[in-house]
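One-letter residues, chain by chain:
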Amino acid sequence: MSVVLIPSSRSKATGGNPFAPDVFDYRSRTTFNYYHDLIPDRRLLVRRLQELVESQDQEAMAQAFGSADMHSAATLAKGLFKAPLMAARKRFAPGQFYTELDFDALPTGAQRRFLEGSVIVNPLFGVVKPDDMIPNYELSMIGAIPEIGSIAAYWKSRVSSLINEAAGGQFVWDLLPEAYRAVWENDVSYTKRAQVQFLDEYGDPFDDDLGFKGRLVRHLMNQNPKGILALAGTEERFGFALDNDRSVLRGRELSVVLVRR
């Protein structure tokens with residue numbers, strides 16, 4: 001089975017289950033908290049974020065929250081340890097990637113492949129699986145928090161081994177934007193890694209390709225074959241054809257170029 005590395009979404013669903021198991025609890029690994037060993041690191045980051053909010057340092061808060069509404073982001077941060085929870089794939093559902101993936105409409109087998117084969121890189125939790133329970137929050141992956149420093153650098157030393165373990169011996173679809181890939185110190189233990197670029201009919205890259213990546217993952221989960229063979233039918237299914245001339249399809253590091261038709 002292939003492994004898919006994907007980013008979390010800045011757009012999030014609100015609400016959740018207030019009675020879900022505490023995902024910041026040290027004591028037990030739960031079904032919906034796959035990377036349980038990261039709990040101390042998550043708690044430390046949240047505590048520093050809450051201290052930042054209490055300080056009311058507007059400049060530092062802007063650096064942590066990015067373009068998010070400051071008041072809303074601060075309110076969410078204050079209540080993180082007691083917030084209602086929702087599966088990550090549902091929490092991120094409003095985002096372009098997850099909207100186009102449309103998990104609920106996938107056949108059962110494709111849903112299982114997505115749940116088992118996906119690793120979501122996330123600024124608050126480091127890495128999560130699609131069914132892990134998470135609160136609503138605002139935090140920028142390119143941000144920084146006092147006493148924590150760069151959020152991406154904070155997670156790099158803590159999650160690289162987990163990503164490498166998931167990727168080891170697998171064909172990896174690396175769909176991470178650069179800001180999210182910065183958390184991964186790649187040990188090149190996979191069999192092959194494919195990065196994907198989407199071009200319009202004139203050969204120009206799109207400013208935002210997250211929706212296309214969501215549609216691609218939907219296609220990959222439905223197709224099932226490992227590796228490049230899973231790209232068969234992309235033109236018929238969502239209007240992008242593999243450009244063999246611009247793609248690099250040999251070796252361990254692959255560059256896949258899909259052009260809109």
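Going by the structure above, here's the rest.
This report concerns the structure included in the present document. As the structure is a computational prediction, the values presented were derived from the model and not from experiment.

### Things to note about the sheet that holds strand β3 (residues 118–122)
- If you walk across this open sheet you meet the seven strands as β4-β3-β1-β8-β9-β11-β10, and the pairing is mixed. Across the chains shown, the open sheet's two edge strands, defined by having one partner strand only, are β4 (126–128) and β10 (240–242). With direction set aside, neighbouring strand axes in the sheet form an average angle of 30 degrees.
- Where strand β1 (residues 3–7) lies against β3, four bridges are found, and the strand directions are parallel. Bridged to Ile6 within β3 is Ile120.

### Concerning the packing of aromatic side chains
- Per the stated rule, a full pass over the model turns up 15 aromatic pairs.
- Taking the centre distance of 5.1 Å and the plane angle of 85 degrees together, the rings of Phe198 and Phe240 count as edge-to-face. On the criterion of sequence distance, the pair formed by Phe198 in strand β9 (residues 192–199) and Phe240 in strand β10 is long-range, its members being 42 residues apart.
- We classify Phe198 as buried; its relative accessible area is 1%.
- Put simply, the rings of Phe198, Phe206, Phe212, Phe238 and Phe240 pair up and form one aromatic cluster.
- Between Lys129 and the ring centre of Tyr34, over which it is positioned, the NZ or CZ distance is 5.6 Å.
- Looking at Arg158, its charged tip hangs above the ring of Tyr154, at a distance of 3.8 Å from the centre.

Calculation rules
Residues numbered from 1 in each chain as written. Predicted model: local features only at pLDDT ≥ 70, side-chain atom pairs only at ≥ 80, totals over all residues. Heavy atoms only, no water. Pairing = 2+ DSSP bridges. Helix = DSSP H or I, 4+ residues; strand = E, 2+ residues; numbered from the N terminus. Axes fitted to C-alpha atoms, helices over the stretch in contact; angles between N-to-C directions. Phe/Tyr/Trp six-rings, centres within 6.5 Å; stacked < 30°, edge-to-face > 60°. Buried < 20%, exposed > 50% of the residue type's maximum accessible area, 1.4 Å probe, protein only. Lys NZ or Arg CZ within 6 Å of the ring centre and 35° of its normal.

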